[in-house]
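Listed here are the chains, written in short residue letters.
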Amino acid sequence: MCEESTCLVSPLEPAANGPNENRHTSRNNGNNALMGFHEDALSQATMGKAQIMLVVVLGLALAADCIEVKIISFILPAAELHLCIEERKKGWLVSITLLAMACGSFAWGILADHIGRKKGLALALIVAIMFAAAASVMPTYGTFMTARFGSGLGISGAFPIAFSFMTETSSRSSRAKYTGMLHSLWPLGAAYIAIVFEIAMPTLGADIVKDNKEHWSSWHRFLLLSVIPAAASIVGLIWTSESPRYLLEASREVEALAVYQRLHKLNKTKTQYGLTELELPGRSSYPEPALSNTRGVFAHGFDSVMQVFYKIFSPIYFKTTIILAILHLICGFASMGVSTFSTSMIKELREWEYLEQKRFVENQSFSGFYNDSLENVFFKDCTFHDCVFSQMNLVHVNFWNCTIRKSKFFNVKTSILSIENSVVADSQFIDTDLMPHHFINCHLTNNTFLSLISNCAVDFDYNIYLDDLRREIEIGSILMVPVLLGTGLILAKNLLSRSRILVVLWAVTCQTSLGILVFNYNFLLFSVIALALQLLLNAVLTVITLVVLEAYPCYIRCSAHGLMRSLYHIASFCSIPIYSMLTGSALIFPAFVTAFPCFVAVLLSFKIEDNSQALL
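Keep in mind that this is a model prediction, so the values were computed, not measured. (Residues numbered from 1 in each chain as written. Predicted model: local features only at pLDDT ≥ 70, side-chain atom pairs only at ≥ 80, totals over all residues. Heavy atoms only, no water.)

### Observations regarding the packing of helix α5 (residues 117–135) against helix α12 (residues 228–238)
Angle between the axes and distance between the axes: these two values describe a pair of packed helices.
Phase 1 of the analysis: Running from amino to carboxyl end, α5 crosses α12 at an angle of 150 degrees, the nearest separation of the two axes being 10 Å. Relative to α12, the element α5 lies roughly antiparallel. Every pair of crossing elements has a handedness; the one defined by α5 and α12 is left-handed. Contact residues: Lys118, Leu121, Ala122, Leu125, Ile126 and Ile129 in α5; Ala230, Ala231, Ser233, Ile234, Leu237 and Ile238 in α12. (Axes fitted to C-alpha atoms, helices over the stretch in contact; angles between N-to-C directions. Helix = DSSP H or I, 4+ residues; strand = E, 2+ residues; numbered from the N terminus. Parallel < 35°, antiparallel > 145°, perpendicular 65-115°, else oblique. Left-handed = near helix turned anticlockwise from the far one by under 90°. Contact = heavy atoms within 4.5 Å.)

Right under this line is the structure:
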């Protein structure tokens, strides 16, 4: 039976010339036998309940990956206040996660090729949970960043391992469908934290300030709740079987047969599974066991990494590796860049709307008792004499060329307040957060400052627009699910080759990115363009992920995918400062920076080989 199946498949890795020719030829023939047997075994086990259960378990791991990237946007205001994070350090809260994921993806891929998909994914999730839980109790910026790096390092294994695991447990005709289904669970991580945020976290700046007085404030609990999907995935992995294709590659054929039987039992309980140990490929089909290495652990690990590099960049795979590497760089750069630019632009548009409503008060005198909060007011050439400001908030209030004499400020909280070119004399500031940086070019005389309620020089902005962020993420994640499912179904139909589908998606992405030029600072239109780009880029990622999985043999599949994910995260890391600088520039620059790489990707996509009929 197995021999008949192998006749359907041409060798994926032709024999190399030179002294190792016999060994390479033997491995190629063995791989073909194992691939044929694997496809026959899965065909008899059929697809159904077992694969759906695996999609859910692995999808929870992907949701945890999404949470790791998206969660910082929600906790940044509270963390900024609690940890007193300066403006120049804020960007590193997101960047440190991407840097960790760039470092970890390739390493986890190599590990999963050595110890197995199930064990590798479980270890990655355990590391992620441990550091994510530790981050929720870290008291300083440095320790918090260290814990965030550790959690990013752990979760980086989810993507390369989960997709290899899924495709190796799916037949040739169904792997595209299940890849789309699996990827469609990734955005549910964003939906999960958006819902938890709405329930558990304060959304107004003033409420965040009050909440941070607690030692165990809401954002710490929010961080702890974010590990639930990863923990649920680990629980599911306990009852999940290892990838049968990996077991065959690891010469554990009896265990692989037991997995096929279990898949069959879950999918068709009333029939007897046809394959037995008698149908297993001959012993010569399995790879030779690796020789024990007496060198040190680090030297052995370095050798293993270099061997994987040589295999991925060998002449057989060199062209494919280079093309897929560039496509992942472009996809990561554009995806994170669009997200960064859209978030910055939406915030800027909201701030413009807010500042347009600012009230201007000029050449007036004030005295008396005030306890009503002031917001979005500009005082110019005004005099405050014998005034008492008590139990109030001053939000986006500016004093320009004013005189403040014999006045008292009791229990006053501020947000984006400035006192410039003014005279402040004989006044008292008690239980306030007014600090020297609030007084710019001022003449201060005989003033009293007592009991500062904050020793942090960061001027916290109460207008943080978290509701806009939550709505954007909820809508985006809901729409992304059918888009990714549909992409998987289109791939499964084989109406177009992988290459042609990629060409179409990249071309539409290129044209859509030029829409940035015409949004004319309209909030709704810009949100639609940014969302469309994210949907297209995630559809692209589904296709190139499947292309990677089909392009490399089992023994380097996770490693190759891990390398591509590392490049994806490196490009994401680099795009943040570039797109942040483009926020205040002419719109032609962000449009061109996004469209040009996508056009390059269109040209490269023509060069991709279609391995949709290859056996894994």
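After presenting the structure, the write-up continues.
### Examining the pairing of strand β4 (residues 383–400)
Phase 1 of the analysis: Bridge analysis of strand β2 (residues 365–370) against β4 gives five bridges, and the strand direction is parallel. From the neighbouring strand, Ser365 faces β4, where its bridge partner is Thr383.
Phase 2 of the analysis: One ladder, built from six bridges, connects strand β3 (residues 374–380) with β4; its direction is parallel. Across the sheet, Lys380 pairs through a bridge with Trp400, a residue of β4.
Phase 3 of the analysis: For β4 and strand β5 (residues 403–405), the ladder comprises three bridges, and the chain directions are parallel. From the neighbouring strand, Thr383 faces β5, where its bridge partner is Thr403.
Phase 4 of the analysis: The sheet contact formed by β4 and strand β6 (residues 408–415) spans seven bridges and is parallel. Its bridge partner being in β6, Phe389 is matched across the sheet by Phe409.
Phase 5 of the analysis: As judged from the three bridges shared by β4 and strand β7 (residues 418–420), these two strands associate in the parallel manner. Looking across to β7, one finds that Phe399 is bridged to Ile419. (Pairing = 2+ DSSP bridges.)

### Quick notes on the environment of Lys265
Phase 1 of the analysis: Residue placement: Lys265 occurs in helix α14 (residues 253–267).
Phase 2 of the analysis: The sequence separation of Lys265 and Thr46 amounts to 219 residues, and the corresponding C-alpha distance is 9.8 Å.

### As for unusual backbone geometry
Phase 1 of the analysis: Although it is not a glycine, Ser251 sits at a positive phi angle of roughly 60 degrees.
Phase 2 of the analysis: With respect to the helices and strands, Ser251 occurs in the loop between α13 (244–249) and α14.
Phase 3 of the analysis: On the accessibility criterion, Ser251 (22% relative accessible area) is partly exposed. (Buried < 20%, exposed > 50% of the residue type's maximum accessible area, 1.4 Å probe, protein only.)

### A word on the pattern of salt bridges
Phase 1 of the analysis: Per the counting criterion, the structure on display carries 11 salt bridges.
Phase 2 of the analysis: For Glu550, the salt bridge identified is with Arg175, shortest N-O distance 3.0 Å. Taken together, the residues Glu550 in helix α19 (residues 523–551) and Arg175 in helix α8 (residues 175–184) connect sequence positions 375 residues apart. Across this residue pair, the class does not change: Glu550 and Arg175 are buried.
Phase 3 of the analysis: With a shortest N-O distance of 3.0 Å, Glu353 and Arg350 are connected by a salt bridge. On the criterion of helical spacing, the pair formed by Glu353 and Arg350 is a turn pair, its members being three residues apart in helix α16 (residues 318–355).
Phase 4 of the analysis: Among the residues examined, Arg350 registers a relative accessible area of 21% and is labelled partly exposed.
Phase 5 of the analysis: Connected through salt bridges with shared partners, the residues Asp113, Arg117, Glu168 and Arg557 form a single ionic network. (Salt bridge = Lys/Arg side-chain N within 4 Å of Asp/Glu carboxyl O.)

### Concerning the packing of helix α3 (residues 49–83) against helix α11 (residues 218–225)
Phase 1 of the analysis: The geometry of α3 relative to α11 is characterised by a closest axis approach of 9 Å and an angle of 145 degrees between their N-to-C directions. In the crossing of α3 with α11, the sense of the turn from one axis to the other is left-handed. Note on element contacts: α11 touches α3 through Trp219, His220, Phe222 and Leu223, opposite Ile71, Phe74, Ile75, Ala78, Ala79, His82 and Leu83.
Phase 2 of the analysis: A breakdown of the residues in the contact of α3 with α11 according to their chemical character gives nine nonpolar, two polar and no charged. (Nonpolar A, V, L, I, M, F, W, Y, C, P; charged D, E, K, R; others polar.)

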